[in-house]
Amino acid sequence: MAKYLAQIIVMGVQVVGRAFARALRQEFAASRAAANARGRAGHQSAAASSLSGLSLQEAQQILNVSRLSPEEIQKNYEHLFKVNDKSVGGSFYLQSKVVRAWERLQEELRIQAQEDREKEQMPKT
């Protein structure tokens, strides 16, 4: 009886282990494909995400912006920064999240401006 129970446990662990390994391989492949699709700009954007600790989507959600418009970003940043000020009963944690999101979006705007300059400087063939 104990022998059969041990065999069932071992088989179950093997099945779960194989499924986990297959899911991990699929996730790596999908991640690699997404990184390749983003191209060079994706590398800079990914580096900015790792430095700030926020992805571009998270930063956009925090500041409630759907597109990268400097005016809209600045307006929402100023409003959310004032609303979350500790002196008016706000949260320092939320205020710091707003600052990090603003920094992340500013970095993305800088990356886009740099790419635009590089495209303009490329000789037309």
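The rules we used
Residues numbered from 1 in each chain as written. Predicted model: local features only at pLDDT ≥ 70, side-chain atom pairs only at ≥ 80, totals over all residues. Heavy atoms only, no water. UniProt positions renumbered as here; feature names shortened; annotations may be inferred. Helix = DSSP H or I, 4+ residues; strand = E, 2+ residues; numbered from the N terminus. Expected span 1.5 Å × (residues − 1). Buried < 20%, exposed > 50% of the residue type's maximum accessible area, 1.4 Å probe, protein only. Polar contact = N/O pair within 3.5 Å; in protein donor to acceptor, adjacent residues only side chain to side chain. Phe/Tyr/Trp six-rings, centres within 6.5 Å; stacked < 30°, edge-to-face > 60°.

As recorded in an unreviewed UniProt entry, the protein chain goes by the name Mitochondria-associated granulocyte macrophage CSF-signaling molecule, listed as coming from Ailuropoda melanoleuca. The UniProt entry for the protein chain carries this comment under Sequence similarities (unreviewed entry): "Belongs to the TIM16/PAM16 family."

## Considering helix α4 (residues 92-121)
Along its 30 residues, α4 runs 43 Å from first to last C-alpha, staying within 8% of the 44 Å computed at 1.5 Å per residue. Of the residues making up α4, those classed as buried are Gln95, Val98, Val99, Ala101, Arg104, Leu105, Glu108, Leu109, Ile111 and Glu115. The backbone nitrogen of Tyr93 has a side-chain oxygen 3.3 Å away, supplied by the residue at the start of α4, namely Ser91.

## Considerations on the packing of aromatic side chains
Applying the stated criterion across every chain, the model contains two aromatic pairs. Between Tyr77 and Phe81, the ring centres sit 5.6 Å apart and the planes meet at 40°, which makes this aromatic pair tilted. Taken together, the positions of Tyr77 and Phe81, both in helix α3 (residues 70-83) and four residues apart, correspond to about one turn of that helix. We classify Tyr77 as buried; its relative accessible area is 14%. Relative accessible area serves as the criterion here: at 32%, Phe81 is assigned to the partly exposed category. Chaining the aromatic ring pairs together yields one cluster made of Tyr77, Phe81 and Trp102.

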